[in-house]
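Structural overview
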Amino acid sequence: LEFRRQHLNDERLHRQIDKLEEISGWKTRKKNEGYGAAITECFNTPVGQVVKVSKSSAGKIKIDKVWAVMDCGWYVNPDTIKAQIEGSIVMAIGAAAIHEIIFKDGMTVQKNFYEYIMPRIADAPPVEIHIMENDADATGVGEPGLPAFAPALANAIYDLTGKRIRKLPIDLAKV
């Protein structure tokens, strides 16, 4: 987050980084916890996410929690925005760590949707969402919650294990 603060000179983004630090306990991280952050902009809406990971007793990476901060300008219904972000994070978990189409001899192994694994409720970590308060013009809230998750997860895994992720989907059992 400090790297982002040094290289982003927008005051609204600095307030967003402050909020991410505050809600995630970024400055009080503990040993055996990996924290990763990412800030993206989609449909003129900056979204920052912090992902916390740890290793389970079986050695698998476990996503412990996700914090998200969206700055979408003025808004009417915060519950709708939170639902959009939660859905985006679950969809992003699928894209980052579950979805994969496998090819064998030039053909897909999956023949239909029943063979294409999707995130389940057990894959969904606790998510804490905050919406920045300001009077700026309203911006998008549907898709912006998705892009920050994968890089934040990869950064959290690096923080915990020292291994850089270079390919998706991330096999959390083998990192």
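In this report, we go over the structure that sits alongside the text. (Residues numbered from 1 in each chain as written. Predicted model: local features only at pLDDT ≥ 70, side-chain atom pairs only at ≥ 80, totals over all residues. Heavy atoms only, no water.)

A word on the packing of aromatic side chains
The geometry of an aromatic ring pair is captured by two quantities: the separation of the ring centres and the angle between the planes. One pass over the structure, following the stated rule, counts two aromatic pairs. Where W26 meets Y35, the ring centres are 6.1 Å apart and the plane angle is 85°; that geometry is what we call edge-to-face. A residue is classified by how much of its surface remains accessible, and W26, at 12% relative accessible area, is buried. Relative to W67, the ring of Y35 has its centre 6.0 Å away and its plane inclined at 15°; by these criteria the two rings are stacked. Of this pair, Y35 sits in strand β1 (residues 34-42) while W67 sits in strand β3 (residues 61-70), and the two are 32 residues apart along the sequence. Residues Y35 and W67 agree in their burial class; the two are buried. Between R29 and the ring centre of W26, over which it is positioned, the NZ or CZ distance is 4.2 Å. Stacked on the ring of Y158, the Lys or Arg R164 has its end atom at 3.6 Å from the ring centre. (Phe/Tyr/Trp six-rings, centres within 6.5 Å; stacked < 30°, edge-to-face > 60°. Buried < 20%, exposed > 50% of the residue type's maximum accessible area, 1.4 Å probe, protein only. Helix = DSSP H or I, 4+ residues; strand = E, 2+ residues; numbered from the N terminus. Lys NZ or Arg CZ within 6 Å of the ring centre and 35° of its normal.)

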